Amino acid sequence: MREERSFHEMMQRYNQELLQMRQRSQSRPESAAKRESSAAKPQTPPAAQIAFPGRVEPPAPRPCRQDRPQDHSLTVGPNGPVLVEDTLLHETLETFVHTKIIERAVHTKGYGAFGHFQPYRCMAEYTTACFLQDPSRRIPTVTRFSFAVSNKGTPDTSRNVRGFSTKFYLEHGVFDLLCNHIPVFLIRDGMRFPEAIASLSPSPVNNLPDGRLFWSFLARAPEATHFLTWLYSDAGTVASFRTMRGYGVNTYVWKNAAGRRRYVKYHWIPAAGERCIDAATAERLACENPNAAGQDLWDTLAGGATVEYELNVQLMDPEREKALPYDPLDDTKVWDEEAFPLMPVGKLTLERNPEDYASQVEKLAFSPANLVDGIELSNDKMLQGRSFIYWDAQRRRLGPDFRSIPVNHMENWKPADAFSPTGLGRSACGEQVRRDIERADDFTQAGERYRRLPGEQRAHLVENIAADLSHAAQKDQACVLGYLRQADEAFAQQVRAAMPRG
Ligand code: HEM
C-alpha cells in the first residue's frame, strides 16, 4: 500500500514539476522580475491538469538538462560495469515491473468514475440495508464500466456485454452492486462459465476472432437463446455509458427487521434516456475512436457535468415463485414488469473522474459477496457460483491484502468489518443432485422478445444473427435455427432467408 501511495505521489510530483517547468519556460522575457518572483513561489497548477497522469500532455523536452546523480546507474568508473549493489537501479526497475498488475480474467477493459448515491425514501419495510434507510444521507460511490469479453484494445462499440459495477462506501464495509447492460445471461449454472467465455473469446489456436466457437457453444446451450436475442439486437452495441441501462441479472434477497425475505432484481435507468446504435454505426465508431465510450464519460465529467442513473428494484414474494411459468431464480429469464413493477429506490450521480487510473480503477475489487445486513444471496445457482470466485480472482490479481487497497474500503475500515452474514436462519434439505432446474423453458421469453421488438430493430436482430451464423458449421446452424424455431417460427424463417447461401 505504501508503495502504491509513493508511486502515486511520485507521479503527482513529476506532473507538478513538469507543469511548473513548462510555465516557467513560457513566461515572457520582458517580465524578468515577475519570472523571478514566480520561480520563488511554488506554483499550483490547475487541478484538472494534475488530476490524472494519463491526461497530462506528453512531456515537453526539458529546457536545460540538470545532471543529477540519481539519473545514472552505479558503475565502476563512468564506463565500467553496473554494480549489483545498485539498489536504486533495482528499486526503479522493479517498481516499474510490479506496478503492472494482472488483468481481470473477464471485464478486462474498463473506465471508472466517483460519485454518490442517495435513496429517495426509507426502505425499512423491505430491507435493513443501512444505505437505504435515510434519504438525507449521501453515500460515496465508485463505478466501473467494463466490457465482459475484452482486452485493453477492444473497441468500446463492439458487440459485447457491458459491465456496470458500483461500490457503496458504508460505515462498516462496502456494498457492491454488479450489473450488466443486458438483463439476462447466457448460462444458468456457474459450471459452464469457462466454456461460455471461451466461446466468446479469440481462438486458442491463433488468437484471432472465430465466430464458429460461439455458435458451437450455442448449439450446446439452448438456454442462451434468450441472451442471443439481446446481444444480437441493437442493445448489443452502445456508444455511451450515459445512455445505458444496468441490470443485476441475478436474483438477490432483501430482508427486513422482522426477518421477512423477498426476492429482488436491480435495475439502473439512465436519466439521459436509453440509446443504442446499429451495427454499421458501431463499426464506424470503432474505427474512428475505439475508446469512444470512455472518452465520452471522461469528457462529460471533466466538463463539469454529472451523469445520473435511477436505481429501481423488482420485488417478489418467494411464495409466488411456484405459480410462475418460469423459474424466477434462473438468470436467463426476466421478470414480467407488469406483475413485478419497477420500484424507484434512489439516484446515483457520477461526478468525478479518477486521479490515478491504476490505483483507483484497475485495483477496484468488486464482488457479489460484498453484502450488508438486509441483503443476501438467493438460491440462484449462478449467483452462488459467483459468490466466492471474485475474492479468489482478486487475491490472485491484487494480492492477499486486496481489501486494504484504499479504493476498496472506507477510511475507518478494519479487516473484521469485511464480512456480513448471508442466509442465517434459512434451512435447506433435500437430495444432492447435479442436474438442470425443473422449469428450464429456454424459448418462451426469446420468442416474446423477438415479437416485442419494433420493426426496424427486429430486422437488425435478424440481419445480425444471419450474418454471423452463416460462418458456423452446418450442424451448429441447424441446431441454432431449431432453437429459433421453438422461440418463434417466423424468427427462424427470417434468419434462414437472410443467411447468405454458401
Ligand atoms: C458463475 C458465473 C460467473 C463467474 C465465474 C464470473 C467471474 C468473474 C470474474 C473472475 C471477474 C473478475 C473479478 C476481478 O478480477 O476483480 C468478473 C467480473 C465481473 N463480473 Fe462476473 N462472473 C460470472 C457471472 C457474472 C454475471 C451473471 C454477471 C452479471 C451481473 C457478472 C458481472 C460481472 C461484472 C460487471 C464484472 C466486472 C467487475 C469490475 O468492474 O471489476 N458476472 N466476473
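The structure displayed is predicted, hence computed values, not measured ones.

### Overview of the overall build of the protein
Working step 1: Per the secondary structure count, the protein includes 16 helices and 10 strands.
Working step 2: Counting across all 502 residues of the protein, residues that qualify as buried make up 35%.
Working step 3: Taking the intrachain contacts of the protein between residues at least 6 apart in sequence as the baseline, contacts between residues at least 24 apart amount to 76%.

### So, the site of the ligand
Working step 1: Around the ligand, 29 residues are found, and the nearest of them are His 107, Arg 144, Gly 163, Gly 190 and Ala 393.
Working step 2: For the shell around the ligand, the secondary-structure elements that each account for two or more residues are β2 (139-147), β3 (162-170), β4 (173-180), α11 (381-386) and α12 (389-398).
Working step 3: Here the shell around the ligand takes five residues from α12, the largest share from any one element.
Working step 4: When the residues that make up the shell around the ligand are grouped by side-chain class, the tally is 14 nonpolar, 10 polar and five charged.

### What about the confidence of the model for the protein?
In low-pLDDT segments, the atomic positions of the prediction should not be examined closely.
Working step 1: The pLDDT averaged across the protein works out to 89; a share of 86% of its residues lies at or above 70.
Working step 2: Low pLDDT, under 50, characterises residues 1-8; the predicted model gives this stretch eight contacts beyond four residues in sequence or across chains.
Working step 3: In the model, residues 24-56 has pLDDT below 50 throughout and makes 31 contacts with residues more than four positions away in sequence or in other chains.

### Describing helix α16 (residues 489-498)
Working step 1: All of the buried residues along α16 are Phe 491, Gln 494 and Val 495. Viewed along the axis of α16, the buried residues span an arc of 100°, placing them on a single side of the element. Along α16, exposed side chains directed more than 90 degrees from the buried face belong to Glu 489 and Ala 497.
Working step 2: Residues of α16 that are buried sit in contact with α13 (444-452), α14 (455-469) and α15 (474-487).

Definitions and limits used
Residues numbered from 1 in each chain as written. Predicted model: local features only at pLDDT ≥ 70, side-chain atom pairs only at ≥ 80, totals over all residues. Helix = DSSP H or I, 4+ residues; strand = E, 2+ residues; numbered from the N terminus. Buried ≥ 20, exposed ≤ 12 C-beta atoms within 10 Å, placed from the backbone. Contact = placed C-beta atoms within 7 Å. Near = placed C-beta within 6 Å. Nonpolar A, V, L, I, M, F, W, Y, C, P; charged D, E, K, R; others polar. pLDDT = per-residue confidence, 0-100. Arc of directions from axis to C-beta.

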